[in-house]
Amino acid sequence: MKIQRSAEDYLEAMLMLQETQGYVRSIDVAEHLGVTKPSVSYATKRLRENGYICMDKDGLITLTPPGLEIAQRIYSRHRLLVEMLQRIGVPEKIAREDACKIEHDISNETFDALYHHFRRHLSENETNKK
């Protein structure tokens, strides 16, 4: 499934907002991403049309299973990339910014290899500390 980078950003932001505040509104997405309300309106319309989100009569946004799957994939990549970059000495702010750039463009194969290498390295370090 091919989805545009901006759509991934919106879905990831919606997941993050859902986790932190328990609900998602368009205004929260706009503030989180630093975009205008009209931009969010356009994006949510497209995401609804493609079956990634639903909106109730009060304007609360819910991720559908396909939308949630994409959001979780991007968000898990983001978290791991931030952690990896910070562990090699990249300051947190820069690590977060760079992770946002990398998370969309990296292939599944490369991400999986990085993930397994990083986790193996962490477990080896834990074993060596004992």
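Look up a bit, the structure's there.
A. Region of the structure containing helix α5 (residues 92-105). For α5, spanning 14 residues, the distance from its first C-alpha to its last is 20 Å, which sits close to the expected 20 Å at 1.5 Å a residue. Its maximal kink placed at A99, α5 deviates by approximately 25°. For α5, the elements touching its buried residues are α1 (5-21) and α4 (65-87).

B. Representation of the environment of V35 in the model. Among the structural elements, V35 can be located in the loop between α2 (26-33) and α3 (37-49). Discounting residues that sit within four places of it in the chain, V35 has contacts with Y10, A30 and V40.

C. The pattern of salt bridges, seen in detail. Taken as a whole, this structure holds eleven salt bridges when the rule is applied. Residues D105 and R5 are paired through a salt bridge, measuring 3.2 Å at the closest nitrogen-oxygen approach. In this pair, D105 is assigned in helix α5 and R5 in helix α1, connecting sequence segments 100 residues apart. The class for R5 is partly exposed, based on a relative accessible area of 36%. D58 is paired through a salt bridge with K57; the nearest N and O atoms lie 3.8 Å apart. A relative accessible area of 59% means that D58 is categorised as exposed. Classification of K57 by relative accessible area gives exposed; the value is 79%.

Rules behind the numbers
Residues numbered from 1 in each chain as written. Predicted model: local features only at pLDDT ≥ 70, side-chain atom pairs only at ≥ 80, totals over all residues. Heavy atoms only, no water. Helix = DSSP H or I, 4+ residues; strand = E, 2+ residues; numbered from the N terminus. Expected span 1.5 Å × (residues − 1). Bend = angle between axes of the 7 residues up to and from the residue. Contact = heavy atoms within 4.5 Å. Salt bridge = Lys/Arg side-chain N within 4 Å of Asp/Glu carboxyl O. Buried < 20%, exposed > 50% of the residue type's maximum accessible area, 1.4 Å probe, protein only.

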